[in-house]
Amino acid sequence: MAVEEQRAGSRVSRPENRLVRRGFTDPARAVRLLEGPGLEGLADDPVLLDALGATADPDLALLGLSRLLEAADEADRHTLRDTLTTSKPLRDRLLGVLGVSTALGDHLARHPHDWHVLVTFELRDMHPGPEDFRRSLAEGVRDDTLGPANALRVAYRRCLLAIAARDLTGTTDLAQTAAELADLAGATLQTALDLAAEQDPEAAAACRLAVIGMGKCGGRELNYVSDVDVVFVAEPREGVDEHEALKAATRLAAALTRLCADTTGEGTIWPVDANLRPEGRNGPLVRTLASHLAYYQRWAKTWEFQALLKARPVAGDAELGAAYVAALAPMVWQAAARENFVADVQQMRRRVIDSIPATELDRQLKLGPGGLRDVEFSVQLLQLVHGRTDPALRSGNTLEALAALSRGGYVGRADAASLDAAYRFLRSLEHRIQLYRLRRTHLMPTGAEDLRRLARSLAALINDDTRADPVAALKREWKRHAMEVRRLHEKLFYRPLLDAVAELPPGATGLSPEAARVRLEALGYADPAAALRHLSALASGVSRKAAIQRTLLPVLLGWFAESADPDAGLLNFRQVSDALGRTPWYLRLLRDESAAAEQLARVLSAGRLAPDLLLRAPEAVAMLGDPHGLEPRGRAALQSEILAAVGRAGSTHAAVAAARSVRRRELFRTAAADVLGRLGEDPAEALDTAGEALTALNAATLGGALRACVAGWEAEHGDLPTRIAVIAMGRFGGHELGYGSDADVLFVHEPLLGSLEEAAARAAQAVCHELRAQLGAPSTEPPLLVDADLRPEGRSGPLVRTLASYAAYYRRWSHAWESQALLRAEPVAGDEELGARFRQLIDPLRYPGGGVPERDLVEIRRIKARIEAERLPRGADPTTHTKIGRGGLADVEWTVQLLQLRHGYELPALRTTRTRAALAAAAEAGLVEPEDAEVLDTAWVLASRVRAAVMLVRGRPGDSFPGEARELAGVARYLGYGSGHSGELLDDYRRTTRRARAVVDRLFYGAD
């Protein structure tokens, strides 16, 4: 603007240019005011002009100063002019107020002598309290020229003027300003009550009346302009009938309300709102303490207890007020135990937002999304839920309560700091808006002048340069804070864990040792003494870790109790927390992600395998906090990660250790997902998903270990003279691995062109031996046992052969069982082209033209019968042995494999390494009746799931049901059977496998 005026030449005078540079938007009017009454001689005073230019609205400040000087008498005008030019504190306070508030400027124009309060308050305590305000108001109402009511309003605004001046010049921060406004409100209520008592002495003599501040008044966080929420409680004085006393108290309360809210004369101070009382507008204005108690005990709704959180005596009979708060406070902190308490509070917040007119939603500082109410409701809900057991949280002040929640670990430090900063900014913005006309509003203005004034008045709170475009900077800061509040409100206010904590019975976290022991026994803990020791170790102390765990443990104990072994769950949780308790992300995960906390509890109490894997590297807990953290990873991604880790290692041992570390983490991912039912809704689908995941993991691990061993050999001997491929066999080749399965493999190599066959064989043998040794070596990582016993000649034959050697052996010496074993052979690691050629070599053997010869069929049946007779462990029950027992895995697999040997050459769908896929293809081709196929499939899935459950529960593989009751119960829980139904599981298993055996007898043995 100044540049344009300079270009225009003489259109703007030099004095006006000086004013424009200082921020005046109407320099012509400013010049006229500076030359008018009261400001003579000050037009060229640079100190005054600079001070005016530093205000939020220089034009408004100058207008207010001109009106004040014009209204003042000659002596006072002279004093004010001198003070303005010599006292910077007074100048900054007065002009600061005049540049923000036209309403306070109007007040000074009507009562020009009141500017002296800015001097007198400077000499007082820097933090005036209720008594200071009461003295000031008491002195003010003695002004006989105005009458008591108007005198009270003038005295109130005089005090308000002092508070605003201190606020606008940074003498006080938001919290102190809001507290002073609440103290002033309390002093005003007391003064109004005193006036009412003077006007109605009979009423005053008949009752004791206490005024309870509610809402922001009760919380000592009042706005400049706000309804003052109160509740009235009364008691009859000695010898007075209760009914008469209540009538008298009602007259006093009504008179108090009129004195504050009357719009005549000097106007309203603020409305006194008593609608938070029992029954609201329909209830009596005043009740006795007993009547209040009866109502809250029988009829009060959730929101009424939430409102009581901020209740504080502010005026009237102090003893009665204290008794009111003492009697009702326990009800406040028991309210969270009410049915649907958390949901009710959350629904109330939604109703508030839904009631906002659409045209106001984007301008609402208080009620809209990301507004002040979001902060207040979040803090109050956390207080009410956790304050039952933590008295440190029982503050009616939002910022104090937020700080206590942070100290106690209920809200993260960073989140608390963000909410604190946002709340202070939004409240300061609300204060500035209200100060302008002293009107109750929470809407962001839209006018450019209003926005400019606000931006300049809040420049110190805006994390942006406001000089170029103050309005744009203000809007950015507002939106930034609103978005952060909305994010944190959604995170904290709708935290599902609050429901679980709120549902705990009162006192559940503060039980005596004996009561705790009884409770633990009732929950199913077998060793309550040990459980108490774990609880003490987890929850003792004043650290954030202990505070968070004290909040979580009552809920976790319930989740552990839903498992078959609560004691193990608690012990495992203690071990994980001991390892990770000082890790900030772990504490945040447990506190903020209730789903993660519940999942952790279920994993830790579901058996030994997953907790053992987790305890070896507890940071894997982070997977539970990621919505996609338990999704199985594909082979390509695993192989890429493992090969990268192997490539970074400095030795063969370190490289294989890195591969095993990835495998351990991924084993935990799959086991945890399995325990939590995240691998598929259908049990068969979940089983297939787990098998695929474990197969991909072992294949990637073998590939990485092979790469590492080859690199180690080459570092010592030079280039490897041969190519090596790893062929998966058995359940590995069938993509049907369980958690405890070995990796059955064949090793095949082919010398490179020009290499000596003997040297190549020695090199291949050394590499494969090293691979098996490294993967199976004792370590903190679970071993991967590589079993090559299915190779030609078994353990007596060489560990690795050339492709030509395999061809020669199979051509001359192969047995029927070897062709059967090759049905599940599949290349998984090493040289892909060599693996593909091996597959071409064995296809004619496993899918022989014309089907399996009769002599081989007889041999296969004979071997199967011999295994049943000789291989069953001594003492094992053949009806419950999952592998070679009646109707178990071997029965189903041998039956399916026999069908593949007989018909695979003519039915391509049978040429699969997967048992269930081959069985489905056989049924599709009519080789098996659909009913029989379903029986076999059901038995195979059940037996496989039992084996998986045994490994998950016991932490070691087993083919039979556990004999120990708790372990058997754990297996039953995994399979979907409730507590006490282990026997039902055994009956179902025997029934299912008995039906399968009948099908096997017909299809495999040819029995009628």
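Note that the structure is a prediction, hence the values are computed from the model and not measured.

**Q** So what exactly am I meant to see when it comes to the overall build of the protein chain here?
**A** Secondary structure assignment for the protein chain yields 46 helices and 10 strands. Scaling as 2.2 N^0.38, a compact globule of 1008 residues should have a C-alpha radius of gyration of about 30 Å, whereas the protein chain reaches 41 Å, well beyond that. Of the contacts made within the protein chain by residues no fewer than 6 positions apart, 72% connect residues no fewer than 24 positions apart. Accessible surface for the protein chain amounts to roughly 42700 Å². Of this, 50% is attributable to carbon and sulfur atoms. Of note, the protein chain has its 127 positive side-chain charges centred 2 Å away from the centre of its 136 negative side-chain charges.

**Q** Got a minute to help me understand the nonpolar core in this structure?
**A** The tendency in soluble globular proteins is for nonpolar side chains to be buried side by side. Judged by nonpolar contacts, the single largest core of 92 residues is most densely connected at Phe573, Leu702 and Phe747. No other element matches the 14 residues that helix α35 (residues 683-717) contributes to this core. Discounting residues that sit within four places of it in the chain, Leu702 has contacts with Val726, Phe732, Val745, Leu771, Leu775, Leu784, Val786 and Ala829. In terms of nonpolar packing, the next biggest core, distinct from the first, is built from 86 residues, Leu19, Leu65, Ala196 and Val211 among them.

**Q** Got a minute to help me understand the packing of aromatic side chains in this structure?
**A** Ring pairs (aromatic) are described by centroid distance and by the angle formed between their planes. Summed over all chains, the structure comprises 10 aromatic pairs. When the centroid spacing of 6.2 Å and the interplanar angle of 55° are considered together, the rings of Phe560 and Phe573 count as tilted. One end of the pair, Phe560, is in helix α28 (residues 544-561); the other, Phe573, is in helix α29 (residues 566-580), with 13 residues separating them in the sequence. Take Phe573: its relative accessible area is 0%, and that puts it in the buried class. Centre to centre, the rings of Phe1004 and Tyr1005 are 4.8 Å apart; their planes meet at 85°, and the pair counts as edge-to-face. Ring-pair connections join several aromatic residues into one group, and the members of that group are Tyr806, Tyr809, Tyr810 and Phe838. For Lys479, the ring lying beneath its charged end belongs to Trp478, and the centroid distance is 4.0 Å.

**Q** How should I be thinking about the pattern of salt bridges in this particular structure?
**A** A side chain of one charge can pair with a side chain of the opposite charge if their charged atoms are brought near each other. Applying the stated criterion across every chain, the model contains 63 salt bridges. Look at the salt bridges and you will find they share partners, linking Arg633, Glu641, Arg665, Glu666 and Arg669 into a network.

**Q** When you look at unusual backbone geometry in this model, what are you seeing that I'm missing?
**A** Apart from glycine, the bulk of residues carry a negative phi angle, and the bulk of peptide bonds sit in the trans form. Within the chain, Leu438 stands out as a residue other than glycine whose phi angle is a positive 50°. With respect to the element layout, Leu438 can be found in the loop between α22 (413-437) and α23 (448-457). Residue Leu438 is classed as buried on the basis of its relative accessible area of 17%. In this model, His735 sits at a positive phi of 60°, which is unusual for a non-glycine residue. Summarising the element assignment, His735 is placed in the loop between α36 (730-733) and β7 (743-751). Judged by its relative accessible area of 14%, His735 falls in the buried class.

**Q** Can you walk me through helix α42 (residues 889-903) in this structure?
**A** What sets the pattern is the α-helix's 3.6 residues per turn: residues three or four places apart point alike. Spanning 15 residues, α42 covers 21 Å between terminal C-alpha atoms, matching the ideal 21 Å at 1.5 Å per step. Summarising burial for α42: 14 of the 15 residues are buried, a large majority.

**Q** Is there a simple way to explain helix α6 (residues 74-86) in this structure?
**A** Here α6 contains 13 residues, and its C-alpha end-to-end distance of 19 Å stays within 8% of the 18 Å for a straight helix at 1.5 Å per residue. Those residues of α6 that sit buried are Asp76, Leu80, Thr83 and Leu84. Projection of α6 onto a plane perpendicular to its axis shows the buried side chains occupying an angular sector of 100°, all on one side. In this structure, α6 carries Glu74, Ala75, His78 and Thr86 as exposed residues pointing more than 90 degrees from its buried face. Of the surrounding secondary structure, the elements contacted by the buried residues of α6 are α5 (58-71) and α7 (88-98).

**Q** Mind showing me how you'd approach the side chain of Gln364 here?
**A** Relative to the assigned elements, Gln364 resides in the loop between α19 (341-354) and α20 (372-386). Taking relative accessible area as the criterion, Gln364 reaches 10% and is therefore assigned buried. A polar contact of 3.4 Å, which involves the side chain of Gln364, links it to the backbone nitrogen of Lys366. A distance of 3.1 Å separates a polar atom in the side chain of Gln364 from the backbone nitrogen of Leu367. Sequence-distant contacts of Gln364, defined by excluding residues within four places in its chain, comprise Ile356, His442 and Leu443.

**Q** Explain the packing of α20 against helix α24 (residues 470-493) to me, please; I cannot follow it from the model alone.
**A** The interhelical angle for the contact between α20 and α24, taken along N-to-C directions, is 20°, at an axis separation of 9 Å. It follows from the interaxial angle that α20 and α24 lie roughly parallel. Both α20 and α24 take part in a crossing whose hand is left-handed. Across the interface between the two elements, Asp374, Val375, Phe377, Ser378, Leu381 and Leu382 of α20 pack against Val485, His489, Leu492 and Phe493 of α24. Of the residues that constitute the contact of α20 with α24, the class distribution is seven nonpolar, two polar and one charged.

**Q** I keep staring at the pairing of strand β2 (residues 228-236) and nothing clicks. Help me out?
**A** Along any regular strand, the residues point their side chains to alternate faces of the sheet. β2 sits mainly inside the fold: seven of its nine residues count as buried. Examined bridge by bridge, strand β1 (residues 207-213) and β2 share seven bridges and lie antiparallel to one another. The residue of β2 that forms the bridge with Ile212 is Val231. In terms of strand pairing, β2 meets strand β3 (residues 272-273) through two bridges, oriented parallel. Paired with Asp229 across the strands is Asp273, a residue of β3. Of the crossover connections in this fold, the one passing from β2 over helix α15 (residues 242-261) to the parallel β3 is right-handed.

**Q** I would appreciate a short explanation of the environment of Leu841 in the present structure.
**A** Locating Leu841 in the fold gives a position in helix α40 (residues 832-846). Judged by its relative accessible area of 23%, Leu841 falls in the partly exposed class. Each C-alpha atom, one on Leu841 and one on Ala807, is 6.9 Å from the other, the two residues being 34 residues apart in sequence. Residue contacts for Leu841: discarding those within four places in its chain leaves Leu803, Tyr806 and Ala807.

**Q** Explain the pairing of β1 to me, please; I cannot follow it from the model alone.
**A** The buried fraction of β1 is high, at six of seven residues. Relative to strand β5 (residues 312-316), β1 is paired through four bridges, and the arrangement is antiparallel. Looking at β5, one finds that Ala210 is bridged to Gly316.

**Q** Help me understand the environment of Arg772, please; the structure alone is not making it clear to me.
**A** Take Arg772: it is sitting in helix α37 (residues 757-776). Spatially, the C-alpha atom of Arg772 lies 29 Å from that of Ala943, the residues being 171 residues apart in sequence. Setting aside anything within four residues of it in sequence, one finds Arg772 in contact with Phe747, Val786, Asp787, Ala788 and Leu799. Separated by 3.0 Å, the side chain of Arg772 and the backbone oxygen of Val786 make a polar contact.

**Q** Can you help me understand the environment of Leu384 in this one?
**A** Here Leu384 is to be found in helix α20. Leu384 sits 79 residues away from Phe305 along the chain, and the two C-alpha atoms are 9.2 Å apart. In contact with Leu384, not counting residues within four places along its chain, are Gln306, Leu309, Val332, Trp333, Ala336 and Phe341.

**Q** Looking at this structure, how should I read the side chain of Arg157?
**A** As for its placement among the helices and strands, Arg157 is situated in helix α11 (residues 148-168). We note that Arg157 is buried and unpaired, the nearest opposite charge coming from Glu266 at a distance of 5.2 Å. Those residues in contact with Arg157, other than ones at most four positions away along the chain, are Leu104, His107, Glu266, Gly267, Thr268 and Leu438.

**Q** Would you take a moment to explain the state of the cysteines for this structure?
**A** Two cysteines form a disulfide when their sulfur atoms are joined by a covalent bond. For the structure shown, the criterion picks out zero disulfides. The thiol of Cys159 is not disulfide-bonded; the next cysteine sulfur, from Cys260, is found 13 Å away. Here Cys207 is not cross-linked by a disulfide; its sulfur's nearest cysteine counterpart is in Cys260, at 17 Å. A residue is classified by how much of its surface remains accessible, and Cys207, at 2% relative accessible area, is buried.

Rules and cut-offs
- Residues numbered from 1 in each chain as written.
- Predicted model: local features only at pLDDT ≥ 70, side-chain atom pairs only at ≥ 80, totals over all residues.
- Heavy atoms only, no water.
- Helix = DSSP H or I, 4+ residues; strand = E, 2+ residues; numbered from the N terminus.
- Rg over C-alpha atoms; globule rule 2.2 N^0.38 Å.
- Contact = heavy atoms within 4.5 Å.
- Areas by Shrake-Rupley, 256 points an atom, 1.4 Å probe, with all protein chains shown as cover.
- Lys, Arg positive; Asp, Glu negative; His and termini not counted.
- Charge placed at Lys NZ, Arg CZ, Asp CG, Glu CD.
- Core = buried A, V, L, I, M, F, W, Y, C linked by side-chain atoms within 4.5 Å.
- Buried < 20%, exposed > 50% of the residue type's maximum accessible area, 1.4 Å probe, protein only.
- Phe/Tyr/Trp six-rings, centres within 6.5 Å; stacked < 30°, edge-to-face > 60°.
- Lys NZ or Arg CZ within 6 Å of the ring centre and 35° of its normal.
- Salt bridge = Lys/Arg side-chain N within 4 Å of Asp/Glu carboxyl O.
- Expected span 1.5 Å × (residues − 1).
- Arc of directions from axis to C-beta.
- Polar contact = N/O pair within 3.5 Å; in protein donor to acceptor, adjacent residues only side chain to side chain.
- Axes fitted to C-alpha atoms, helices over the stretch in contact; angles between N-to-C directions.
- Parallel < 35°, antiparallel > 145°, perpendicular 65-115°, else oblique.
- Left-handed = near helix turned anticlockwise from the far one by under 90°.
- Nonpolar A, V, L, I, M, F, W, Y, C, P; charged D, E, K, R; others polar.
- Pairing = 2+ DSSP bridges.
- Right-handed = clockwise from strand over helix to strand, strands pointing away.
- Disulfide = S-S within 2.5 Å.

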